[in-house]
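Single-letter residue listing:
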Protein chains: 2
Amino acid sequence: MDTRERLIESTRELLWERGYVGTSPKAIQERSGAGQGSMYHHFHGKPDLALAAIARSAEETRGRAEAELGGPGSPAGRIAAYLRREREALRGCPVGRLSQDPDVMADPRLRAPVEEYFTWLTGRLAGLLDEGRASGELDPGLDPAATAAALVAVVQGGYVLARAAGSAEAYARAVDGALALLMAHARPSARPAHPPVRTAHPSARPAGPSARPAGPSARPLRKEGR
Amino acid sequence: MDTRERLIESTRELLWERGYVGTSPKAIQERSGAGQGSMYHHFHGKPDLALAAIARSAEETRGRAEAELGGPGSPAGRIAAYLRREREALRGCPVGRLSQDPDVMADPRLRAPVEEYFTWLTGRLAGLLDEGRASGELDPGLDPAATAAALVAVVQGGYVLARAAGSAEAYARAVDGALALLMAHARPSARPAHPPVRTAHPSARPAGPSARPAGPSARPLRKEGR
DNA sequence: GTCTATAAACGGATAGAC
DNA sequence: GTCTATCCGTTTATAGAC
């Protein structure tokens, strides 16, 4: 890996860990092993280097999301796989983190990759939800755009909860809760097989929207008991 | 308001806007109108002043939440009121923001109020959900702890989406999506009479590729038969 | 209680030698 | 391309006068 590359990668790490304000050129140089001169030879300054790092992080994060969202399985299954994917919850989201940084959001060039990432991700999930609706896997009453926004928010908020609690479990709990809510809108046949899924679905019920069978075992989709 | 008080309030604002790393004693002094000497007379240094500010922000934020959560109405109704409460979505959460700050989370004293706030809030919501289950308002199949975590995450993630999009509407959309999922687990009689969850903001959200079918907007969130 | 003076380290960068 | 030297402002205080 050449110097330029090491500078970008080190900046990506530092932006992830400490944000833009918390990341100094000196720290970047130390982590990358590059000198003052090298850094300013390859980049015009901190914002320029940060732009390269942010753009790459956004692209990589998008690629990792697409690996799950574009993978095999039904739309709802792929969404669940994405949400549950192994994440370093305590480290937070390398892209979402930047949204909290006023200096990043104040600079249109630095901000663009962040905005685009979330626009893409929300749209991608909305498309999958719509696909699931069309195929009959999901309740046609679902609003794809709003549901997608809620799911993306759960992921981002899950990171907040995990960091606040000092435990990655808080992330898993939030995602589990959201998936349980979502999967209640899926056809029983489309739900994952492993958990003891016997929840009565509206379509499985004879009639009457209020007929909530009070079965205590009717818990949708849980990863671990609690 | 005396000098000590102005120092705390100015620090609260700055922590909210710029985070801990982004907040310098100098900026605090300028905003509060206090001099160097005053600040170090009333507080031992930046961490000490930050602690006072963080503790107060956590307490105040909790109080504002309790105002909705402990208000009138059914459990689900109070939760909906809390989630939809007018928020300055673009400013983010004064408490949640701190969870992204490594220097805050690294200091147990600064971190404690943040952790406690989220523990309390999640527990409070879980209690309400449980109450709703017991009263028959909510589906007994709901997992209160996981659902509560998901809802808190939606709020926190909603702030991220709003900031990323540069629009408070993104927050509203995420909350709407989450409430729609939740309310599908409520007895119809317990659901809001007026149309689903849609905030009355001046600018209507752009109808995505997946605008809802032209059915009556007042129809139940969850389809009854299929 | 509040003010000014002083200071060592850091932040963010430029200039020029090699 | 990389290194060292230099620069000016900021950060985060401490000391002591008023």
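Values in this document were obtained by computation on a predicted structure and should not be read as measured data.

Undergrad: Would you take a moment to explain helix 9 (residues 169-183) of chain A for this structure?
TA: Residue pairs spaced three or four apart in an α-helix point in one direction, given the helix's 3.6 residues per turn. Residue and element names in this part refer to chain A. With 15 residues, helix 9 should reach 21 Å at 1.5 Å per residue; the first-to-last C-alpha distance of 20 Å fits that figure. The element helix 9 is extensively covered by neighbouring structure, given that 12 of its 15 residues are classed as buried. Within the sequence span of helix 9, burial applies to Ala170, Tyr171, Ala174, Val175, Asp176, Gly177, Ala178, Leu179, Ala180, Leu181, Leu182 and Met183.

Undergrad: I tried to follow the protein's contact with DNA strand C on my own but got confused; where do I start?
TA: Within the structure, DNA strand C sits among 14 residues, and Pro25(A), Gln36(A), Thr3(B), Gly37(B) and His42(B) are positioned closest to it. Within the contact set of DNA strand C, a base nitrogen lies 2.5 Å away from a side-chain nitrogen or oxygen of Gln36(A). His42(B) is positioned such that a nitrogen or oxygen atom in its side chain is 2.9 Å from a phosphate oxygen of DNA strand C. For the surface near DNA strand C, the secondary-structure elements that each account for two or more residues are helix 2 (25-32) and helix 3 (36-42) of chain A together with helix 3 (36-42) of chain B. Taken together, the residues of the surface near DNA strand C break down into two nonpolar, 10 polar and two charged.

Undergrad: Honestly, the confidence of the model for chain A in this entry has me stumped. Any pointers?
TA: For residues with low pLDDT, the predicted coordinates do not support detailed interpretation. Counting all residues, the mean pLDDT for chain A is 88, and 83% of those residues have values of 70 or more. In the model, residues 194-226 of chain A has pLDDT below 50 throughout and makes 58 contacts with residues more than four positions away in sequence or in other chains.

Undergrad: Can you help me understand the protein's contact with DNA strand D in this one?
TA: In the neighbourhood of DNA strand D, 15 residues make up the surrounding shell, with Thr3(A), His42(A), Pro25(B), Gln36(B) and Tyr40(B) lying closest. Among the atoms of DNA strand D lying within 4 Å of the protein, the sugar-phosphate backbone contributes 59%. Here Ser38(A) contributes a side-chain N or O atom positioned 3.2 Å from a sugar or linking oxygen of DNA strand D. The separation between a phosphate oxygen of DNA strand D and a polar side-chain atom of His42(A) is 2.8 Å. Secondary structure elements with two or more residues in the surface near DNA strand D: helix 3 of chain A together with helix 2 (25-32), helix 3 and helix 4 (46-69) of chain B. Among the elements that make up the surface near DNA strand D, the one with the highest residue count is helix 3 of chain A (five residues).

What counts and what doesn't
Residues numbered from 1 in each chain as written. Chains lettered and ligands numbered in written order. Predicted model: local features only at pLDDT ≥ 70, side-chain atom pairs only at ≥ 80, totals over all residues. Heavy atoms only, no water. Helix = DSSP H or I, 4+ residues; strand = E, 2+ residues; numbered from the N terminus. Expected span 1.5 Å × (residues − 1). Buried < 20%, exposed > 50% of the residue type's maximum accessible area, 1.4 Å probe, protein only. Near = heavy atom within 4 Å. Polar contact = N/O pair within 3.5 Å; in protein donor to acceptor, adjacent residues only side chain to side chain. Nonpolar A, V, L, I, M, F, W, Y, C, P; charged D, E, K, R; others polar. pLDDT = per-residue confidence, 0-100. Contact = heavy atoms within 4.5 Å.

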